[in-house]
Amino acid sequence: MTRRTPLATALVALFAVPAAPAALAQQAPATPAPAPASASETAPATLREITVQGSAIRDDFSPAGSQLSKLPAELRDVPQSVTIVNRAVMDSQGATSLADALRNVPGITIGGAEGGQIGTNINLNGFSARTDMYLDGFRDRGQYYRDTFALDQVEVIMGPSSMLFGRGSTGGIVNQVTKKPQMKAATEVTGSVTTNGLVRATADVNTPTGDTSAFRISAMAQDGKPSTRDEMTVQDFGIAPSWRFGIGTSTEITLSALLQHNEDMPDYGFPAINGHPVNVNRNTYYGFNNDRTRQDIASLSAGVTHKFSPNLRLRNQTSFNYVSTDARETAPNAVGSIDASGKFTALTTTNLPLSDLNRPDNLIALKWGGEWLTPEHGWPARLLVPHLYLWKSAKWV
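This one's a predicted model, so the numbers in the text were calculated from it and none came from an experiment.

> Is there a simple way to explain a positive patch on the surface in this structure?
Residues K70, K307, R313 and R315 make up a contiguous surface patch of positive charge. Tracing the chain through its elements places K70 in the loop between α2 (39-42) and β1 (82-86).

Put into structure tokens, the structure is as follows:
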């Protein structure tokens, strides 16, 4: 048996330690070096193109915003109350007149031609808005009955607005936004018939005429009885063409027109006796059967808009308005008597039965249009109920 000396043992241990790792390295499998990445693997993956086609919801009651260039783009930045009635709301309610559309706006009252003021009579917060009607941002001066067939939406700004629109009333302004040509072809035709006998038809046609231009025309016609009163009739029609050039470019030109004719029968209701409407048949009409409100409206406008930058725009618009009114309207005033000097005294209360007031043999005079008539003159060909009365009664004359 061979015994190692301490010196030999130390030398063996010294040379054996570095050799062990080398032996283990030779036994372990070799790890391949990573290959250099190619250009196709380092670039991000690109998905295939997806095209989504769709259109805006037409029955959305939420308005897109105001079309008035004088107001901020966001309505929340306007320091006034702004209410917008868009086309979807008007269609869902069957609103055919501006007065019907404005019934959705709080703070508005609609007049009934009080004081002989014909046309659309609107009061904003108690103040008359007859001179605060606008069409596409420009004053609509005519006093006529406005239809909705050519409107896209109606905007109402409450409160004084003279800083934006010049002289006006305290109540606010009403802006009518007309339909504008678009680059998508569309056609819409509607028709309606009421139980009263009113027939109405509308048409709206939009067609592109080029890469950046389009033409649009709206039309309306209605005929029949607008209410349950027998004498009431309307015969209205209108057309609103518009042509738009440069859509989507820096310069846009818009030419538009509104041509409308109204032929309506006015109705001023019943007179009052003893503080209440006279108790007669509801179809009793206090006027002549050829009373009329005949109107012709022509509104022409041309607008040019040029965008210098996203924050700078120049806009010019020229407008021409023509409104012609031929009206003869008979309203029931009062029952009364005339003294020797010719002074008329209205009778507001009476103890006589109303049947005595309707007896033709008790009538000795009546007043039409400022002139007193007697049986010698002959009554009107179709006398329904007189304007002013003069009766054979000691209590009256």
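And the narrative resumes.
> Help me understand the environment of E252 in this model?
Looking at the element boundaries, E252 is found in strand β13 (residues 251-264). The spacing of E252 and G303 is 51 residues in sequence and 8.1 Å in space, taken between C-alpha atoms. Once residues lying within four places of it in the same chain are set aside, the contact partners of E252 are R244, F245, G246, I247, G303, V304 and T305. Side-chain polar atoms of E252 contact the side chain of R244, separated by 3.1 Å.

> Honestly, the sheet that holds strand β4 (residues 127-128) in this entry has me stumped. Any pointers?
What links the strands of a sheet is backbone hydrogen bonding, and the strands pair in either a parallel or an antiparallel sense. Within the open sheet, the 3 strands sit side by side as β2-β3-β4. Their pairing is antiparallel. Two strands close off the open sheet at either side, each with one partner strand: β2 (108-110) and β4. In the sheet, strand β3 (residues 122-124) pairs with β4 via 2 bridges, with the strands oriented antiparallel. Bridge pairing in β4 places N123 opposite S128.

> Can you help me understand the pattern of salt bridges in this one?
When their charged atoms lie close together, side chains carrying opposite charge are able to pair. Using the criterion set out here, one finds 13 salt bridges in the structure. For R103, the salt bridge is made with D100, and the minimal N-O distance between the two is 3.5 Å. The exposure class assigned to R103 is exposed, which follows from its relative accessible area of 59%. A residue is classified by how much of its surface remains accessible, and D100, at 28% relative accessible area, is partly exposed. Ionic contacts of the salt-bridge type, sharing partners, join the residues E263, R292, R294 and D326 into one network.

> What should I look at first to understand the nonpolar core in this one?
For soluble globular proteins, the rule of thumb is that nonpolar side chains tend to be buried together. Membership of the largest hydrophobic core comes to 18 residues, with the highest contact counts inside it found for L102, V105, I108, L124, V154, V156 and V174. Looking at this core, the elements that each hand over two or more residues are α3 (87-93), α4 (98-102), β3 and β7 (151-158).

> What's the story with the packing of aromatic side chains in this structure? I'm lost.
Pairs of aromatic rings are described using the distance from one ring centre to the other and the angle between the two planes. Using the criterion set out here, one finds 3 aromatic pairs in the structure. Centre to centre, the rings of Y134 and F165 are 5.0 Å apart; their planes meet at 55 degrees, and the pair counts as tilted. Pair noted here: Y134 is in strand β5 (residues 133-135) and F165 is in helix α5 (residues 162-165), with a separation of 31 residues, a long-range link. There is no split in this pair, since Y134 and F165 are both buried. Ring plane angle 15 degrees and centroid distance 5.5 Å describe the contact between W243 and F245, whose orientation is recorded as stacked. Of the residues examined, F245 reaches a relative accessible area of 31% and is grouped as partly exposed. One aromatic cluster is present, built from ring pairs that chain together F215, W243 and F245. Looking at R146, its charged tip hangs above the ring of Y144, at a distance of 4.3 Å from the centre.

> I tried to follow unusual backbone geometry on my own but got confused; where do I start?
What you tend to see is this: most non-glycine residues have negative phi, and most peptide bonds are trans. Its identity is not glycine, yet N125 carries a phi of approximately 55 degrees, on the positive side. Mapped onto the fold, N125 is located in the loop between β3 and β4. The phi angle at D136 is positive, at roughly 55 degrees, despite the residue not being glycine. Inspection of the secondary structure assignment puts D136 in the loop between β5 and β6 (138-139).

> Looking at this structure, I do not really get the sheet that holds strand β9 (residues 186-193). What am I missing?
With respect to topology, 7 strands assemble into an open sheet ordered β9-β10-β11-β12-β13-β16-β17, the strand pairing being antiparallel. With one partner strand each, in any of the chains shown, β9 and β17 (312-328) form the two edges of the open sheet. The sheet shows a mean angle of 5 degrees between the axes of neighbouring strands, direction not considered. Judged from the 8 bridges that link them, strand β12 (residues 234-245) and β13 form a sheet pairing that is antiparallel. Across the sheet, W243 pairs through a bridge with L255, a residue of β13.

> When you look at the side chain of Q222 in this model, what are you seeing that I'm missing?
Looking at the secondary structure, you find Q222 in strand β11 (residues 214-224). You can call Q222 buried: its relative accessible area is 13%. Here the side chain of Q222 touches R200 through a polar contact of 2.9 Å, side chain to side chain. Leave out the neighbours within four places in its chain, and Q222 touches D147, L198, V199, R200, V234, Q235 and D236.

> Just checking my understanding: could you explain a nonpolar patch on the surface for this structure?
There is a patch of nonpolar side chains on the surface, built from I239, L259, L300, F320 and Y322 and spanning about 450 Å² of accessible area. Inspection of the secondary structure puts L300 in strand β16 (residues 292-309).

> Just checking my understanding: could you explain the environment of L75 for this structure?
Tracing the sequence through the fold places L75 in the loop between α2 and β1. Judged by relative accessible area, which is 26%, L75 ranks as partly exposed. Residues L75 and G65, spaced 10 residues apart in sequence, show a C-alpha to C-alpha distance of 6.8 Å. Among all residues touching L75, those that are not within four sequence positions of it are S66, V82 and I84.

> What's the story with the confidence of the model for the protein chain in this structure? I'm lost.
On average, the protein chain scores 78 in pLDDT, and the residues at 70 or more come to 71%. Under a pLDDT of 50 for its full length, residues 19-25 has, in the predicted model, 0 contacts with residues more than four places off or in other chains. Here residues 377-397 scores under 50 on pLDDT; set against residues more than four positions off or in separate chains, the count is 79 contacts.

Cut-offs and rules
Residues numbered from 1 in each chain as written. Predicted model: local features only at pLDDT ≥ 70, side-chain atom pairs only at ≥ 80, totals over all residues. Heavy atoms only, no water. Patch = residues over 30% accessible without salt bridge, like charges linked within 9 Å, V, L, I, M, F, W, Y side chains within 5 Å. Areas by Shrake-Rupley, 256 points an atom, 1.4 Å probe, with all protein chains shown as cover. Salt bridge = Lys/Arg side-chain N within 4 Å of Asp/Glu carboxyl O. Lys, Arg positive; Asp, Glu negative; His and termini not counted. Charge placed at Lys NZ, Arg CZ, Asp CG, Glu CD. Helix = DSSP H or I, 4+ residues; strand = E, 2+ residues; numbered from the N terminus. Contact = heavy atoms within 4.5 Å. Polar contact = N/O pair within 3.5 Å; in protein donor to acceptor, adjacent residues only side chain to side chain. Pairing = 2+ DSSP bridges. Buried < 20%, exposed > 50% of the residue type's maximum accessible area, 1.4 Å probe, protein only. Core = buried A, V, L, I, M, F, W, Y, C linked by side-chain atoms within 4.5 Å. Phe/Tyr/Trp six-rings, centres within 6.5 Å; stacked < 30°, edge-to-face > 60°. Lys NZ or Arg CZ within 6 Å of the ring centre and 35° of its normal. Axes fitted to C-alpha atoms, helices over the stretch in contact; angles between N-to-C directions. pLDDT = per-residue confidence, 0-100.

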